[in-house]
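Report on the structure
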Amino acid sequence: MFQPQLEALPQPELRALQLQRLQDMVARQYEHVPAYREKFDTAGVRPDDLKTLDDLIRFPFTRKTDLRDNYPLGLCAVPHSSLRRLHASSGTGGKPTVVGYDTHDLDIFAEVVARSLYAAGARPGMVFHNAYGYGLFTGGLGLDGGARRLGLCTVPVSGGGTERQVGLIQDLQPQVIACTPSYALVLAEALERQGLAPEDNSLKYAVLGAEPWAEKTRAEVQKRLGVVATNIYGLSEIIGPGVSNEDAAEQQGSYIWEDHFYPEIVDPDTGAALPDGEWGVLVLSSMSRSALPILRYWTGDITRLLPGENSTGRTMRRMDIIRGRSDDLIILRGVNVYPTQLEAVLVSLGQVSPHYHVTLTRTGPMDELTLQVEADSEAVTLRDEIVRLIKTQVGVSVRCELCTPGSLARSEGGKLRRVTDLRDAR
Ligand code: DLL
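Values in this document were obtained by computation on a predicted structure and should not be read as measured data. (Residues numbered from 1 in each chain as written. Predicted model: local features only at pLDDT ≥ 70, side-chain atom pairs only at ≥ 80, totals over all residues. Heavy atoms only, no water.)

1. Describing the overall build of the protein chain
Formally: Each helix is a run of H or I in the DSSP string that is no shorter than four residues. Each strand is a run of E no shorter than two, and both are numbered from the N terminus. Our radius of gyration looks at C-alpha atoms and nothing else; its globule reference is 2.2 Å times the residue count to the power 0.38. A 1.4 Å probe and the Shrake-Rupley method give the accessible areas. Residues count as covered only by the protein chains that appear here. We treat Lys and Arg as the positive residues and Asp and Glu as the negative residues; His and chain ends play no part in the count. To locate a charge, take NZ of a lysine, CZ of an arginine, CG of an aspartate or CD of a glutamate.
Assigned secondary structure in the protein chain consists of 11 helices and 21 strands. Computed over its C-alpha atoms, the radius of gyration of the protein chain comes to 22 Å, within 12% of the 22 Å expected for a compact globule of 426 residues. Principal-axis analysis of the C-alpha atoms gives the protein chain an extent of 65 × 60 × 40 Å. By element, 51% of the accessible surface of the protein chain is carried by carbon and sulfur atoms, the whole surface being about 17600 Å². For the protein chain, the separation between the mean place of its 45 positive charges and that of its 54 negative charges on side chains is 2 Å.

2. Regarding the pairing of strand 6 (residues 205–209)
Filter applied, for reference: Think of it in three bands: with a 1.4 Å probe and only protein chains considered, a residue is buried below 20% of the maximum accessible area for its type, exposed above 50%, and partly exposed in between. For two strands to be treated as a pair, DSSP must find no fewer than two bridges joining them. Whether a crossover is right-handed comes down to one check: with the strands pointing away from the viewer, does the path from the first strand over the helix to the second run clockwise; if it does, it is right-handed.
Burial of strand 6 is extensive: four of the five residues sit out of reach of the surface. Relative to strand 6, strand 5 (residues 176–179) runs parallel, the two sharing four bridges. Counted as the bridge partner of C179 is L208 from strand 6. Crossover connection from strand 5 via helix 8 (residues 181–193) to parallel strand 6: handedness right-handed.

3. Things to note about the nonpolar core
Quick note on the threshold: Residues enter a nonpolar core if they are buried and are Ala, Val, Leu, Ile, Met, Phe, Trp, Tyr or Cys, with the set joined through side-chain atoms within 4.5 Å. Contact definition: two residues touch when any of their heavy atoms are within 4.5 Å.
The biggest cluster of nonpolar side chains holds 64 residues, and the ones touching the most others in it are L117, V243 and F261. With near-sequence residues (within four places) excluded, F261 lies in contact with V112, I238, I239, G242, V243, I256, L284, S285, S286 and M287. Formed by 25 residues, the second largest nonpolar core is a distinct cluster that contains V337, V345, L360 and V398.

4. Regarding the domain arrangement of the protein chain
This is how the line gets drawn: As annotated, the domain borders come from an automatic or database domain assignment. Put simply, buried area is the surface a 1.4 Å probe can reach on two separate parts but cannot reach once they are joined, added for both. What counts as a salt bridge is simple: a side-chain nitrogen of Lys or Arg found within 4 Å of a carboxyl oxygen of Asp or Glu. Contacts described as polar in this section are N or O atom pairs within 3.5 Å, which, within protein, must combine one atom able to donate a hydrogen with one able to accept it, while residues neighboring in sequence count only if both atoms come from side chains. Here the nonpolar group is Ala, Val, Leu, Ile, Met, Phe, Trp, Tyr, Cys and Pro; Asp, Glu, Lys and Arg are the charged ones; every other residue, Gly included, is treated as polar.
Domain annotation of the protein chain identifies domain 1 (1–326) and domain 2 (330–421). The partner domain 2 presents 17 residues to the 25 residues of domain 1 that form the contact. Buried area between domain 1 and domain 2, summed over both chains or domains, comes out near 1600 Å², and the portion from carbon and sulfur atoms is 57%. Where domain 1 meets domain 2, there are one salt bridge. Residue E189 is joined to R410 by a salt bridge in which the shortest nitrogen-to-oxygen separation is 3.4 Å. On inspection of domain 1 and its partner domain 2, the count reaches six residue pairs in polar contact (both at pLDDT 80 or more). Put simply, the parts of the chain that give the side of domain 1 that touches domain 2 at least two residues each are helix 8, helix 9 (215–225) and strand 15 (324–325). In terms of residue count, helix 8 provides more of the side of domain 1 that touches domain 2 than any other element does, five residues in total. Classifying every residue of the side of domain 1 that touches domain 2 by side-chain character gives 10 nonpolar, eight polar and seven charged.

5. A look at the packing of helix 5 (residues 103–119) against helix 6 (residues 138–150)
Selection rule: The convention used is that axes are lines fitted to C-alpha atoms, helices contributing only their stretch in contact, and that angles between N-to-C directions extend from 0 to 180 degrees. Each angle receives one of four descriptions, namely roughly parallel if under 35 degrees, roughly antiparallel if over 145, roughly perpendicular if within 65 to 115, and oblique otherwise.
At their nearest, the axes of helix 5 and helix 6 sit 7 Å apart, and the two run at 75° to each other. If you check the angle between helix 5 and helix 6, you find them roughly perpendicular. On the side of helix 5, the interface is formed by D107, F109, A110, E111, V113, A114, L117 and Y118, while helix 6 contributes T138, G142, L143, G145, G146, A147, R149 and L150. For the contact of helix 5 with helix 6, a count of residues per class yields nine nonpolar, four polar and three charged.

6. Quick look at the site of the ligand
Note the threshold: Definition of nearness: a residue and a molecule or strand are near each other if at least one heavy atom of the residue lies within 4 Å of the molecule or strand.
Around the ligand sit 21 residues, and of these N231, I232, S236, D301 and K415 come closest. P212 places a main-chain nitrogen or oxygen 3.5 Å from a nitrogen atom of the ligand. When the ligand sits alone it has 600 Å² of accessible area, and the protein chains cover 93% of it. For the shell around the ligand, the secondary structure elements donating two or more residues are helix 6, strand 7 (228–235) and strand 8 (240–246). The dominant element in the shell around the ligand, judged by the number of residues it contributes, is strand 7, at five residues. Looking at the shell around the ligand residue by residue, the classes come out as nine nonpolar, seven polar and five charged.

7. Remarks on the side chain of S290
By the secondary structure assignment, S290 is in the loop between strand 11 (280–286) and strand 12 (297–303). Setting aside residues up to four positions removed in sequence, S290 forms contacts with R28, A77, V78, D102, H104 and D105.

8. A word on the UniProt feature "domain: AMP-dependent synthetase/ligase" (unreviewed entry) in the protein chain
Condition: UniProt positions are given in the numbering used here, feature names are shortened, and annotations may be inferred rather than shown by experiment.
Taken from the UniProt record, the annotation "domain: AMP-dependent synthetase/ligase" (unreviewed entry) applies to residues 150–286. From the first C-alpha to the last, residues 150–286 spans 22 Å; its make-up is 26% helix and 31% strand.

9. Some details on the sheet that holds strand 10 (residues 261–266)
Within the open sheet, the four strands sit side by side as 10-11-12-15. Their pairing is antiparallel. Because the sheet does not close on itself, it has two edges, and the strands there are strand 10 and strand 15. The pairing of strand 11 with strand 12 spans four bridges and is classified as antiparallel. By the bridge assignment for strand 12, V281 is matched with I302.

10. Details of the packing of aromatic side chains
Definition in use: Here the aromatic set is Phe, Tyr and Trp, taking the six-membered ring for Trp, and pairing holds for ring centres within 6.5 Å; pairs whose planes are under 30 degrees apart are stacked, those over 60 apart are edge-to-face, and all others are tilted. For a ring to carry a charge above it, either NZ of a lysine or CZ of an arginine must fall within 6 Å of the ring centroid while also lying within 35 degrees of the normal to the ring plane.
Within the structure shown, the criterion is met by seven aromatic pairs. Aromatic side chains F40 and F59 sit 5.5 Å apart centroid to centroid with 85° between the ring planes, which places their arrangement in the edge-to-face category. Taken as a pair, F40 in helix 3 (residues 34–43) and F59 in the loop between helix 3 and helix 4 (64–69) lie far apart in primary sequence, 19 residues in all. In terms of burial, F40 and F59 fall into one category: buried. Three or more aromatic residues link up through ring pairs in this structure, and these residues are Y30, Y36, F40 and F59. For R37, the ring lying beneath its charged end belongs to Y30, and the centroid distance is 4.5 Å. When the ring centre of Y262 is taken as reference, the NZ or CZ atom of R317 above it lies at 5.9 Å.

Below you can see the structure in the form of structure tokens.
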């Protein structure tokens with residue numbers, strides 16, 4: 001552990017710390033953020049109603065629309081002159097979401113990312129190939145700050161320029177790499193094209209996140225890059241990467257750094273609290289942020305908290321992989337489908353590359369899902385096999401098109417949009 005005294009804090013102390021930090025946060029929000037005061041008044045709650053952790057459910061959610069309605073910095077709880085960095089989401093329609101950090105927030109950011117990198121296998125003195133985008137996206141600079149805190153030597157290569165990345169990996173011999181899982185596969189392909197076997201590269205640990213990925217993809221990345229791959233999760237509204245990370249020796253769910261981020265799982269339709277172990281929407285409160293304290297943020301990410309003992313001695317709860325976003329959910333003729341379920345089927349087949357694209361169309365009242373995958377030949381039997389497996393394992397009928405290897409869009413280091421929904425464009 002990077003900070004054993006905190007990561008293994010006895011649970012009663014952890015709960016007491018969380019309560020105290022949440023109480024401080026709602027008091028600050030009520031006093032310094034008019035939009036929160038209004039939300040609390042509308043919900044009929046006051047800061048001193050938060051007497052136990054169970055009282056939290058009486059407080060309102062914060063949603064992406066709250067950040068947009070208060071664009072750019074209306075939810076900021078400190079004078080703007082104390083801000084030291086701004087990040088922004090790319091904003092898929094509408095205004096981007098801007099998040100501000102003061103010195104204290106940047107310290108927390110570095111601390112939780114350092115814990116994450118340590119859990120992922122990184123150790124001081126290692127060389128770190130950071131292929132997350134530097135810039136307004138929190139990935140590049142976020143991992144960078146944590147790596148410095150941990151004592152790594154960072155190669156800030158950022159996203160894109162795959163051939164150059166391969167050259168840098170060969171020349172600078174990094175042990176740790178961070179990028180999206182889809183980009184890890186692109187790099188694996190590029191290394192293979194150069195005739196480099198997995199054991200011929202220096203990489204040992206891969207820290208992958210920023211987009212949903214299936215467990216089967218982990219096996220693929222580990223095999224083809226010769227690494228131990230762990231999941232890093234986070235979102236800019238809460239801090240950026242480093243809300244949680246798996247332990248490399250365990251790979252059984254990501255530890256949420258619960259002294260800073262308070263997790264809840266709620267029903268996607270009703271918002272009602274769900275017990276540990278049940279799948280629902282992850283809701284997070286950033287308890288110790290000073291510039292942008294966010295209460296009960298509706299992440300839209302579907303996961304569950306993993307109950308039970310762990311093998312690392314940490315006392316913080318773990319979360320499972322993100323099955324998808326509540327708004328990524330494809331409802332196809334009444335069946336709920338997450339893109340990662342289709343991905344899992346493809347990867348299990350082994351004969352197709354794990355690059356795929358989903359297009360949703362509507363003919364009359366019927367929704368159609370067309371899955372494009374890359375395969376070596378126009379093998380009809382392979383196409384039929386994919387359709388059959390998706391029918392039996394996911395429960396939906398889809399159309400499948402085989403495409404020439406290399407023809408589908410690749411990740412350039414950023415997030416890859418795998419679904420095009422044309423159903424409303426009638
Ligand atoms: O993606 C922060 C990040 C950077 C995380 C680098 C990990 C590594 P945003 O751009 O605000 O922040 O996007 C946040 O991305 O709500 C999830 O839907 C998705 N996401 C992030 N990490 C994972 C993951 C960064 N490990 C949104 N698995 C989140 C699945 C993820 N989805």
